[in-house]
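# Coordinates in review
For reference, the chains in residue letters:
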Amino acid sequence: METLTTLLAVLAAVSLLVTLGVTGGALAFLRRRPAAPGALPPISVLKPLKGVDEGLYENLAALARQDYPGFELVLGAEEPDDPALAVAERLRRDFPAIPITIVRGAAPLGYNPKVTNLASLAPHARHELLLISDSNVRPRPGYLRALAAELAAGRVGLVSNVFAGTGEQSLGALFDNLHLNSFVAASVASAQLVHQPCVVGKSMLFRRGDLAALGGWEAVKDVLAEDYILGQAFHRAGLGVALSPHVLPVIQERRTTAKFFERHLRWSQMRRRISPAYFGEPLLNPIPFLLALALAGGGGTALAALAGVLAKIAADALLSRRLRGEALPLRSLLWIPVKDLLIVGVWTIGLFRRTICWRGHPLRIGPGSLLTPAGAIEPATGELAEEVA
């Protein structure tokens, strides 16, 4: 028992120190001075739609209200009768001064539906700069200017954003936002600090010509992690990958706990297939080690372990406040240990499971997050996926 307690104490201490260090790195990154304003070239914003997301109209309107001299919105859905297109039509009526193109339907391309949608939108874009912007983000003022400034700084080929989950009105949405504002945000920002970009595709600005030179949409049509793989391709090609400290809110209001688990299990399986860093992720979740130590140690050891739990909660609360611009209520913070225990299950299952069901299609995840129909023999991986794997 003493040996077990010692092992748990070491794991808990190392995990807590790593977590606090990564969180500190993220906070340091967010204090970075934004790139100096420069040229403001026109931007084509590609908005792939699928169903009516929570607050979809407000999300789109926040983009249409951006103070930027030249931009257009290209919105579309795979299905021509998708209800999100009615929201897009309303937006076009309400903002007649903004060039807004609506694309109904997308020709089949690959197993990644988002890439299929984007490939159908891109030909309608008029400008060289393309911005992929997910439908559940609600940009703050200055968003487009901040991205353009980063792209103009040095030899930069792709710019993404730090993002913040907000708007929770259910327990599952709270779990999701807590995780986005701690593990996900801290990992992405800290990776940028050590020049190992980890691109999350909710917001990506790049040049159309650079994408074409790297293989275009065809190169990522059959991978789950198209954002990460594109980021790595830009990085390897010598095109800098920048992360803007301009925080981008992600609206998540109502989500069940089951949906939270399902989403992060899919992301977990994806990370397992694209990077060996997956095996080190438990070091960014000290709560299980600390709670196990509290149960095994007793007395002063248990008190020290519980103090560690409070330190983890405080670190998450500090980063979340910086991202959201407001403090979480205490009742929300108390759910952090529960969320972190659920993530242990997500990580463990993700270690072994290789299949997902995405929009009704059973798919198998291979090296580089290559997608094939479940039960099919995996073909040779595409060029970009193969290099990442």
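Residues numbered from 1 in each chain as written. Predicted model: local features only at pLDDT ≥ 70, side-chain atom pairs only at ≥ 80, totals over all residues. Heavy atoms only, no water.

Mapping Gln252 onto the fold places it in the loop between strand E7 (240-251) and helix H9 (257-274). Residue classification places Gln252 among the buried residues on the basis of a relative accessible area of 1%. The contacts of Gln252, once residues within four sequence positions are left out, are Glu54, Thr166, Gly167, Glu168, Ala173, Asp176, Asn177, Leu180 and Arg263. (Helix = DSSP H or I, 4+ residues; strand = E, 2+ residues; numbered from the N terminus. Buried < 20%, exposed > 50% of the residue type's maximum accessible area, 1.4 Å probe, protein only. Contact = heavy atoms within 4.5 Å.)

Spatially, E3-E2-E1-E4-E6-E5-E7 is the arrangement adopted by the seven strands of the open sheet, whose pairing is mixed. Edge positions in the open sheet fall to strand E3 (100-104) and E7, since each of these has one partner strand only. Each adjacent strand pair in this sheet contributes to an overall mean axis angle of 20°, direction not counted. Note: strand E1 (residues 43-49) against strand E2 (residues 71-77), seven bridges, orientation parallel. Across the sheet, the residue bridging to Lys47 is Leu75, located in E2. (Pairing = 2+ DSSP bridges. Axes fitted to C-alpha atoms, helices over the stretch in contact; angles between N-to-C directions.)

So, on to the nonpolar core. Within the largest apolar cluster, 58 residues are counted, with the highest numbers of intra-cluster contacts made by Leu73 and Leu91. Core analysis: the second largest hydrophobic core is formed by 36 residues, Leu121, Ala225, Met270 and Ile274 among them. (Core = buried A, V, L, I, M, F, W, Y, C linked by side-chain atoms within 4.5 Å.)

Helix-helix packing: each pair is described by the crossing angle between the helix axes and the interaxial distance. Contact pair helix H10 (residues 287-297) / helix H11 (residues 299-324): the axes reach a minimum separation of 7 Å and the direction vectors enclose 160°. It follows that H10 is roughly antiparallel to H11 by the angle criterion. Note that H10 runs across H11; the crossing there is left-handed. Within the contact between the two elements, H10 uses Ile287, Leu290, Leu291, Leu293, Ala294 and Gly297 and H11 uses Gly299, Thr301, Ala302, Ala305, Leu306, Gly308, Val309 and Lys312. (Parallel < 35°, antiparallel > 145°, perpendicular 65-115°, else oblique. Left-handed = near helix turned anticlockwise from the far one by under 90°.)

On to the confidence of the model for the chain, then. Overall, the predicted model of the chain reaches an average pLDDT of 91, with 95% of residues at or above 70. Between residues 377-389, whose pLDDT stays under 50, and residues either more than four places distant or in other chains, the model counts 30 contacts. (pLDDT = per-residue confidence, 0-100.)

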